[in-house]
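Coordinate inspection notes
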Amino acid sequence: MLQIENLNSGYGKLHVLYDISLKCEEGEIISVIGPNGAGKTTLLNSIFGIADIYSGSIIIDGKDTTRLPPHIISRMGVAYVLQMLNVFAQLTVEENLRISASYSKIKDVNKAMEEIYGIFPILKERKKQLAGTLSGGERQMLAISIGLIRNPKILLLDEPTAGLMPLYVKMIANKIREIRDKRGISIILVEQNVQKALELADKAYVLVSGQIIFEGSPSELKEKHEIMKLYLGVGE
Ligand SMILES: Nc1ncnc2c1ncn2[C@@H]1O[C@H](COP(=O)(O)OP(=O)(O)OP(=O)(O)O)[C@@H](O)[C@H]1O
Ligand SMILES: [Mg+2]
């Protein structure tokens, strides 16, 4: 579904990612974890056509998308849920969802909305509320839904549980799993919550200073005590 090979990217002269290779199959959840400033968001920006790509390739669903602009990548079935500013605060929940759906190939917007409300019932209760007045957890659910309503093949999630209380972290993690199971979407999950990321992931990548220093299953990573401790702050 998504294959990245030897990617070097950044912003103008600021080289952020070095020789990144990564693969996500259909229906897989890949977690990318690593310290602040490691380049996690830049990886998602590179996939979505926002960062500058110096060399390497990105293949989505068999097509070379390296250096294509975001609107084309979006049309190819990639939805990107940003780390911040991921909803229109001055619009209602329902308006946020409608805008996203109207810029997609979705024909029956009302049906798509009902499906979203089926996954996140709280959003139905809040549908007339301004997005800027939602709680942090509700806002993240809306942000995920804005991506999901477009019926993507690949969902890029940048720290969807950051700053949330444990109850919401658990709820959102469960929803991410449910979305994958029900819709078979491939998910690239950037997380700072290492435990949750490893719980959800089929495969994990650890990104440090723009380089992948580990690639493997969550259980393999948990055995790498040095990495867990030094870079992810987990364990003694
Ligand atoms: N749009 C941008 N223009 C220029 N430099 C940027 C831009 N976005 C990020 N950077 C720089 O790229 C580097 C990597 O940042 P990035 O946001 O990818 O890290 P991150 O791993 O997502 O960090 P965090 O965990 O804090 O979200 C940092 O030095 C940052 O200042
Ligand atoms: Mg980031």
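Please refer to the structure placed before this passage.
First, a word on what this report is: a plain description of the structure on this page. On a predicted model such as this, the values are computed, not experimentally measured, just so you know. (Residues numbered from 1 in each chain as written. Chains lettered and ligands numbered in written order. Predicted model: local features only at pLDDT ≥ 70, side-chain atom pairs only at ≥ 80, totals over all residues. Heavy atoms only, no water.)

With that settled, consider helix α3 (residues 93-102). Helical geometry note: an α-helix holds 3.6 residues per turn, so side chains three or four residues apart project in the same direction. Buried within α3 are the following residues: Val93, Glu94, Asn96, Leu97, Ser100 and Ala101. For α3, the buried positions fall inside an angular range of 160 degrees around the axis, keeping them on one side. Where the residues of α3 are buried, they touch α4 (109-119), α5 (121-125) and α6 (136-148). (Buried < 20%, exposed > 50% of the residue type's maximum accessible area, 1.4 Å probe, protein only. Helix = DSSP H or I, 4+ residues; strand = E, 2+ residues; numbered from the N terminus. Arc of directions from axis to C-beta. Contact = heavy atoms within 4.5 Å.)

This part takes up the nonpolar core. Grouped together as the largest cluster of nonpolar side chains are 37 residues, with contacts concentrated most on Leu97, Leu123, Leu142, Leu157, Ile176 and Ile187. Contributing elements (two or more residues each) for this core: β6 (78-81), α3, α4, α6, β7 (154-158), α7 (166-183) and β8 (186-191). Residue contacts for Leu157: discarding those within four places in its chain leaves Leu44, Val81, Ile144, Ile176, Ile187, Ile188, Leu189 and Val190. Formed by 27 residues, the second largest nonpolar core is a distinct cluster that contains Ile20, Cys24, Leu43 and Ile60. (Core = buried A, V, L, I, M, F, W, Y, C linked by side-chain atoms within 4.5 Å.)

Another aspect to go through is the site of ligand 1. The immediate surroundings of ligand 1 are formed by 13 residues, with Gly37, Lys40, Thr41, Thr42 and Gln83 found nearest. For ligand 1, an oxygen atom lies 3.0 Å from a polar atom in the side chain of Asn36. Taking 630 Å² as the accessible area of ligand 1 by itself, protein coverage stands at 60%. For the shell around ligand 1, the secondary-structure elements that each account for two or more residues are β2 (14-24) and α1 (40-47). A total of 3 residues in the shell around ligand 1 trace back to one element, the largest contributor, which is α1. Along the lines of polarity and charge, the residues of the shell around ligand 1 split into 5 nonpolar, 6 polar and 2 charged. (Near = heavy atom within 4 Å. Polar contact = N/O pair within 3.5 Å; in protein donor to acceptor, adjacent residues only side chain to side chain. Areas by Shrake-Rupley, 256 points an atom, 1.4 Å probe, with all protein chains shown as cover. Nonpolar A, V, L, I, M, F, W, Y, C, P; charged D, E, K, R; others polar.)

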